[in-house]
Amino acid sequence: MSFGPPRQLKKAARVILVGAPGVGKGTQTERLLDKFPQLASISSGDLLRENVRDKTQLGLKVESAIQSGNLVPDSTILDLISSEFKSRGWLLNNGSVSPTASFILDGFPRTAAQAASLDALIPVNFVVQLLTPPSVILSRIASRWIHEPSGRVYNTTFHAPKVPYKDDVTGEPLTQRKDDSIDTWKQRLQKFEDTSKTLLQHYDAKGVLWRVEGNTSDEITPKLFAEIEKRFC
Ligand code: AMP
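Calculation criteria
- Residues numbered from 1 in each chain as written.
- Predicted model: local features only at pLDDT ≥ 70, side-chain atom pairs only at ≥ 80, totals over all residues.
- Heavy atoms only, no water.
- UniProt positions renumbered as here; feature names shortened; annotations may be inferred.
- Helix = DSSP H or I, 4+ residues; strand = E, 2+ residues; numbered from the N terminus.
- Buried < 20%, exposed > 50% of the residue type's maximum accessible area, 1.4 Å probe, protein only.
- Contact = heavy atoms within 4.5 Å.
- Near = heavy atom within 4 Å.
- Polar contact = N/O pair within 3.5 Å; in protein donor to acceptor, adjacent residues only side chain to side chain.
- Areas by Shrake-Rupley, 256 points an atom, 1.4 Å probe, with all protein chains shown as cover.
- Nonpolar A, V, L, I, M, F, W, Y, C, P; charged D, E, K, R; others polar.
- Domains from an automatic or database assignment.
- Expected span 1.5 Å × (residues − 1).
- Arc of directions from axis to C-beta.

Looking at an unreviewed UniProt entry, one finds the protein chain named GTP:AMP phosphotransferase, mitochondrial, with Aspergillus sclerotialis as its source organism. For the record of the protein chain, the UniProt heading Sequence similarities (unreviewed entry) holds the text "Belongs to the adenylate kinase family. AK3 subfamily." Quoted verbatim from the Function (unreviewed entry) field of UniProt, the annotation for the protein chain is "Involved in maintaining the homeostasis of cellular nucleotides by catalyzing the interconversion of nucleoside phosphates. Has GTP:AMP phosphotransferase and ITP:AMP phosphotransferase activities."

Within the secondary structure, Thr29 is located in helix H1 (residues 25-35). Using a relative accessible area of 5% as the deciding quantity, one classes Thr29 as buried. If sequence neighbours within four positions are ignored, Thr29 has contacts with Leu17, Ser41, Ile104 and Asp106.

Here we take up the site of the ligand. Around the ligand, a shell composed of 16 residues is seen, among which Ser44, Asn70, Arg110, Gln114 and Arg188 lie nearest. Note that a nitrogen atom of the ligand is positioned 2.7 Å from one of the side-chain N or O atoms of Ser44. Note that a nitrogen atom of the ligand is positioned 3.1 Å from one of the backbone N or O atoms of Val72. Look at the ligand: alone it shows 480 Å² of surface, and the protein chains cover 96% of it. Of the residues that constitute the shell around the ligand, the class distribution is 6 nonpolar, 5 polar and 5 charged. Each of domain 1 (14-39 + 103-232) and domain 2 (42-101) accounts for three or more of the residues forming the shell around the ligand.

Another point: the UniProt feature "binding site: AMP" (unreviewed entry) in the protein chain. UniProt's feature table lists "binding site: AMP" (unreviewed entry) at Ser44, Arg49, Asn70, Leu71, Val72, Gly107, Phe108, Pro109, Arg110, Gln114, Arg177 and Arg188, given in the numbering used throughout. These annotated residues cover 145 residues of sequence, and their C-alpha atoms sit far apart, with the largest distance between any two at 25.2 Å. Arg110 sits in the partly exposed class, given a relative accessible area of 31%. Those residues in contact with Arg110 that lie beyond four places of it in its chain are Ser44, Leu71, Thr195, Ser196 and Leu199. One polar contact links the side chain of Arg110 to the main-chain carbonyl oxygen of Gly107, over a distance of 2.6 Å.

Before going further, it helps to examine the side chain of Gln114. Within the fold, Gln114 resides in helix H5 (residues 112-121). One polar contact links Gln114 to Asp74, side chain to side chain, over a distance of 2.9 Å. Excluding residues that lie within four positions of it along the chain, Gln114 makes contacts with Asp74, Ile77, Phe108 and Pro109.

The subject of this paragraph is unusual backbone geometry. For the bond running from Phe108 to Pro109, omega is -5°, close enough to zero to count as cis. Although it is not a glycine, Tyr165 adopts a positive phi angle of roughly 60°. Relative to the elements of secondary structure, Tyr165 occurs in the loop between strand S6 (152-155) and helix H7 (182-206).

Quick look at helix H4 (residues 74-87) now. Taking 1.5 Å of rise per residue, the 14 residues of H4 would be expected to cover 20 Å, and the 20 Å separating its terminal C-alpha atoms lies within 8% of that figure. For H4, every residue scored as buried is listed here: Thr76, Ile77, Leu78, Leu80, Ile81, Ser82, Glu84 and Phe85. Residues of H4 that are buried make contact with strand S2 (40-43), helix H2 (44-53), helix H3 (57-67), strand S3 (103-106) and H5. Looking one or two residues past H4, Gly89 carries a phi angle of roughly 80°, positive in sign.

Further remarks concern H3. One full turn of an α-helix is made of 3.6 residues, so residues set three or four places apart face in the same direction. Among the residues of H3, those classed as buried are Leu58, Gly59, Val62, Ala65 and Ile66. Looking straight down H3, one finds that the buried residues subtend no more than 125° of arc, so they occupy a single side. Facing away from the buried side of H3, by more than 90 degrees, are the exposed residues Gln57, Leu60, Lys61 and Ser64. Contacts made by the buried residues of H3 are with H2 and H4. Immediately beyond the C-terminal end of H3, within one or two residues, lies Gly69, with a positive phi of roughly 85°.

Set out below in structure tokens:
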């Protein structure tokens, strides 16, 4: 699927994608990065999994929460995010924000409390709520395979690798994420329902919330691109 040539942003875009686990936040993020090269992304889940894989102190602390589908404590995730902001040069040591910092946050903030903390660090100006029916998400989760070293994601129903269970680029084996079991998924979905309501209200009240619906990522992407072009190009 092609979504046209890259576009320049005229205004800094500080974007958050909000959606149930499995809704395709990662896919949209990848496509946004291709389309709008000034954007960079931070995925809180990826940062956490990196820490777990590298067995850092933080990783050891959060491993069981991630595996059981619980959220990790706000203070932990905030430390992780703010040090990532700093290391990318978006947040300066005196607390000011780089005027050119354009980014997508994936998976953070997940709660109204996290959103309030983020407002104090770097305010976002576009919050996208991705809406897909839960039954569609469930079947997608069950057929999702990833190439862990690169983060490339496949789906055996609509985005199958050329060779079954092998990465297209390296030929290495694909795996299913440890937290992809159905029980874990159900717990995560429930948590998402519980916490996202106030998160979305928080951003709605600030006038930066925008909703987009679709059964597939391909349906959502063109609508999302058009809205970003309208607001930031
Ligand atoms: P994700 O890849 O975004 O689905 O995140 C995977 C797991 O990392 C989640 O199930 C949580 O345990 C943890 N996690 C990621 N982001 C956050 C966050 N913003 N707050 C708390 N926990 C998080």
